[in-house]
Amino acid sequence: MTDRQKRLVVVSNRVGPLSDEGKAGGLAVGLADALRRRGGLWFGWSGEVSTQGTFSELKTEIVGSTAMVTIDLNEEELQGFYFGYANKSLWPLLHYRLDIAQFDRQSDRIYRSVNQRFAARLSPQIDGNDIVWVHDYHFFYLGSELRQCGFGGRLGFFLHIPFCPPEILTALPSSHDLVRAMLAYDVIGFQTEVDRRNFVAFCVQELGGEDFGDGRIRVRGRTVRVSAFPIGIDAEGFADFALTPEAVEHEDMVRDIAHGRHQIVGVDRLDYSKGIIERLRGFEQLLEDYPENRGASQFLQVAPLSRSELDAYAELRNEVEQLAGNINGRFATLDWTPVQIMTRGFTRRALAGIYRAARVCMVTPLRDGMNLVAKEYIAAQDVRDPGVLVLSRFAGAREELAEALIVNPYSSEDVARAMQRALTMSLAERLERHAALRKTVFGNTAAHWCAAFLNALEDEAPGASSEGDPVIAP
Ligand code: ADQ
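Residues numbered from 1 in each chain as written. Predicted model: local features only at pLDDT ≥ 70, side-chain atom pairs only at ≥ 80, totals over all residues. Heavy atoms only, no water.

A word on empty space enclosed by the protein
Then, number 1: Counting across every chain of the model gives two cavities of 30 Å³ or more.
Then, number 2: In this model, the second largest cavity occupies a volume close to 50 Å³.
Then, number 3: Lining the second largest cavity, in full, are Ile-378, Gly-387, Val-388, Leu-389, Glu-403, Ala-404, Leu-405, Met-425, Arg-430, Arg-433, His-434 and Leu-437.
Then, number 4: Counting residues per element, the lining of the second largest cavity draws most heavily on helix α15 (residues 427-443), which supplies four residues.
Then, number 5: Taken together, the residues of the lining of the second largest cavity sort by class into seven nonpolar, two polar and three charged. (1 Å grid on protein atoms, 1.4 Å probe; cavity = no way out; pocket = protein on both sides within 12 Å on 5 of 7 lines; lining within 4 Å. Points joined across faces, edges and corners; volume = space filled by probe spheres on them. Helix = DSSP H or I, 4+ residues; strand = E, 2+ residues; numbered from the N terminus. Nonpolar A, V, L, I, M, F, W, Y, C, P; charged D, E, K, R; others polar.)

Okay, structure coming up:
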């Protein structure tokens with residue numbers, strides 16, 4: 001489009017906020033920037049549960065040239081769509097946790113029906129001149145449903161979490177339906193090359209598709225673009241946060257409680273994919289293998305509760321608290337507590353201060369789409385005296401952040417060794433590694449990510465980039 005940019009329509013489970021007043025996550029920052037610049041519509045779940053559910057009245061909030069429009073879920077939709085299929089089936093499965101993924105027909109049915117309902121409610125609000133960008137594992141079927149409602153414009157999808165190999169995904173009873181439905185999108189974006197390859201492998205091995213090797217695949221006459229678009233953060237904004245009074249106050253507090261000891265920090269939603277248990281074991285191993293750290297280093301894990309209604313999350317909380325208690329019981333002295341766990345949230349300014357006070361940041365998920373904490377930690381550092389990032393080989397961020405200390409989070413010896421290396425690293429080496437990492441984090445920001453995806457989507461011919469049927473209905 002030359003005279004007027006197309007209106008951007010974003011769909012994600014949760015909507016907003018539009019400005020980063022210190023609360024927005026990385027996703028919101030990237031999208032809000034694009035929405036502010038081009039105006040548009042942001043559609044999703046209100047976060048509320050009502051008897052009308054997806055039939056509830058639209059709630060609209062206008063901020064500048066953006067309309068934020070939401071609908072409710074009812075109790076059955078909340079359980080089946082959100083807690084059930086999205087968080088008990090898809091989240092563990094896509095994080096390679098076949099051992100804890102649960103599948104049931106009822107939540108599969110409700111998930112599809114919620115996708116269909118969201119499409120039905122969005123459809124009257126959009127037309128073929130709009131560019132629609134759908135986000136994440138809550139809405140795999142939404143694009144196909146929108147096409148069935150008659151939407152013929154450009155339709156993109158970005159997955160924020162990993163995409164597991166076909167050998168794992170095929171355990172999902174409806175995996176073929178799900179991937180075929182995804183093919184209704186014109187551009188499908190993943191965090192990393194590994195995720196992209198896994199998706200393409202599914203299309204080739206399971207659906208008999210063809211990989212053209214140029215970023216496009218064809219399945220049953222339908223051609224779609226499949227690419228990696230690694231998400232970034234607002235690096236300048238986050239670096240500025242680290243210098244605000246609120247950040248400085250938190251930095252000072254953390255330094256005060258550390259009493260000159262080295263502070264090691266972990267910051268994650270309390271989720272089993274984040275490897276918090278394994279990280280604590282790694283810290284315990286550090287105290288065993290390198291006893292000079294006893295009384296000289298301490299570990300702070302900030303882990304706000306998430307999805308605590310689900311059993312797996314409640315169990316994890318108990319396990320984390322128990323393990324931290326064991327380590328403290330075993331090693332603490334009257335004037336030193338080795339591990340501190342905090343399950344509260346912080347503002348992003350406060351977090352920036354905590355990162356800055358930490359000599360080492362442990363980002364050691366067992367599997368993660370990207371992991372923005374790794375990038376935030378780098379952005380928040382004092383460039384004259386930066387800390388060291390220890391990063392799991394299974395985090396998406398590993399593809400970009402090669403100068404971090406890369407570890408296998410399943411090996412406590414490996415984790416302990418990396419912690420020790422980070423704690424004893426010379427200033428010269430810390431400066432060199434940090435400078436390289438900083439360049440990457442500032443060079444691929446949330447705004448770059450957003451622009452790259454939207455450019456790719458605008459380059460595609462909408463809906464019918466093939467001689468085949470543009471709608472692949474499951
Ligand atoms: P998440 O699984 O939520 O995101 P992550 O990328 O680390 O994981 O983002 C977490 C965000 O929450 C960060 O911005 C962090 O600052 C913030 N946060 C964490 N603890 C906090 C606390 N105590 N108080 C306040 N804020 C806190 C999913 C995928 C990731 C992917 C992102 C974005 O699982 O792999 O990187 O989406 O695409």
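Here's the deal with helix α6 (residues 175-182)
Then, number 1: When α6 is considered as a whole, its buried residues turn out to be Ser-175, Leu-178, Val-179, Ala-181 and Met-182. Take α6 and look down its axis: the buried residues cluster within an arc of 155°, on one side only.
Then, number 2: On the buried face of α6, the contacting elements are α2 (75-94), α4 (142-148), β6 (154-158), α5 (166-169), β7 (187-190) and α7 (193-205). (Buried < 20%, exposed > 50% of the residue type's maximum accessible area, 1.4 Å probe, protein only. Arc of directions from axis to C-beta. Contact = heavy atoms within 4.5 Å.)

Quick word on the site of the ligand
Then, number 1: Taken together, 22 residues lie near the ligand, and His-160, Phe-346, Asp-368, Met-370 and Glu-376 sit nearest.
Then, number 2: For the ligand, an oxygen atom lies 2.6 Å from a polar atom in the side chain of Asp-368.
Then, number 3: Elements with a contribution of two residues or more to the shell around the ligand: α12 (348-357) and α13 (372-380).
Then, number 4: For the shell around the ligand, the per-class residue count stands at 11 nonpolar, five polar and six charged.
Then, number 5: Here the shell around the ligand spans two domains, since at least three of its residues come from each of domain 1 (3-232 + 447-459) and domain 2 (235-443). (Near = heavy atom within 4 Å. Polar contact = N/O pair within 3.5 Å; in protein donor to acceptor, adjacent residues only side chain to side chain. Domains from an automatic or database assignment.)

A few points about the packing of aromatic side chains
Then, number 1: Under the defined criterion, the tally for this structure stands at 25 aromatic pairs.
Then, number 2: Taken together, a centroid distance of 5.6 Å and an interplanar angle of 55° make the contact between Trp-91 and Tyr-137 tilted. Of this pair, Trp-91 sits in helix α2 while Tyr-137 sits in the loop between β5 (131-135) and α4, placing them 46 residues apart in sequence.
Then, number 3: A relative accessible area of 2% means that Tyr-137 is categorised as buried.
Then, number 4: Taking the centre distance of 5.2 Å and the plane angle of 75° together, the rings of Phe-158 and Trp-449 count as edge-to-face. You can see Phe-158 sitting in strand β6 and its partner Trp-449 sitting in helix α16 (residues 446-459), a full 291 residues away along the chain. The residues Phe-158 and Trp-449 share a single accessibility class, namely buried. (Phe/Tyr/Trp six-rings, centres within 6.5 Å; stacked < 30°, edge-to-face > 60°.)

Considering the nonpolar core
Then, number 1: Grouped together as the largest cluster of nonpolar side chains are 96 residues, with contacts concentrated most on Phe-140 and Phe-199.
Then, number 2: In this structure, this core is formed jointly by two domains, domain 1 (3-232 + 447-459) and domain 2 (235-443), each of which donates at least three residues.
Then, number 3: Residues in contact with Phe-140, not counting those within four places in the same chain, are Leu-90, Leu-94, Tyr-111, Asn-115, Phe-157, Leu-159, Leu-178, Ala-181, Met-182 and Tyr-185.
Then, number 4: With 60 residues, the next largest nonpolar core counts Phe-158, Phe-238, Ala-239 and Cys-361 among its residues. (Core = buried A, V, L, I, M, F, W, Y, C linked by side-chain atoms within 4.5 Å.)

Focus on the sheet that holds strand β1 (residues 8-14)
Then, number 1: With mixed pairing, 10 strands are arranged side by side in an open sheet as β3-β4-β2-β1-β5-β6-β7-β10-β9-β8. Single-partner strands in this sheet number two, and they are β3 (59-63) and β8 (210-211).
Then, number 2: Relative to strand β10 (residues 222-228), strand β9 (residues 216-219) runs antiparallel, the two being bridged by four bridges. Paired with Val-219 across the two strands is Arg-222, which belongs to β10.
Then, number 3: Along the sheet, α2 contacts β1, β2 (40-49) and β4 (66-73); its crossing angle with β4, the most-contacted strand, is approximately 100°.
Then, number 4: Along the sheet face, α16 touches β1, β5, β6, β7 and β10 and points at about 125° away from the line of β5. (Pairing = 2+ DSSP bridges. Axes fitted to C-alpha atoms, helices over the stretch in contact; angles between N-to-C directions.)

Side note on the domain arrangement of the protein chain
The accessible area lost on association of the parts is a frequent measure of interface size.
Then, number 1: Each domain of the protein chain was delimited in the assignment, giving domain 1 (3-232 + 447-459) and domain 2 (235-443).
Then, number 2: The partner domain 2 presents 23 residues to the 29 residues of domain 1 that form the contact.
Then, number 3: Of the roughly 2,000 Å² buried where domain 1 meets domain 2, counting both sides, 60% is carbon and sulfur surface.
Then, number 4: On the surface where domain 1 and domain 2 come into contact, there are zero salt bridges.
Then, number 5: Summed over the shared surface of domain 1 and domain 2, the result is six residue pairs in polar contact (both at pLDDT 80 or more).
Then, number 6: The dominant element in the side of domain 1 that touches domain 2, judged by the number of residues it contributes, is α2, at six residues.
Then, number 7: Class assignment of the residues belonging to the side of domain 1 that touches domain 2 gives a composition of 13 nonpolar, 10 polar and six charged. (Buried area = accessible area lost by both parts, 1.4 Å probe. Salt bridge = Lys/Arg side-chain N within 4 Å of Asp/Glu carboxyl O.)

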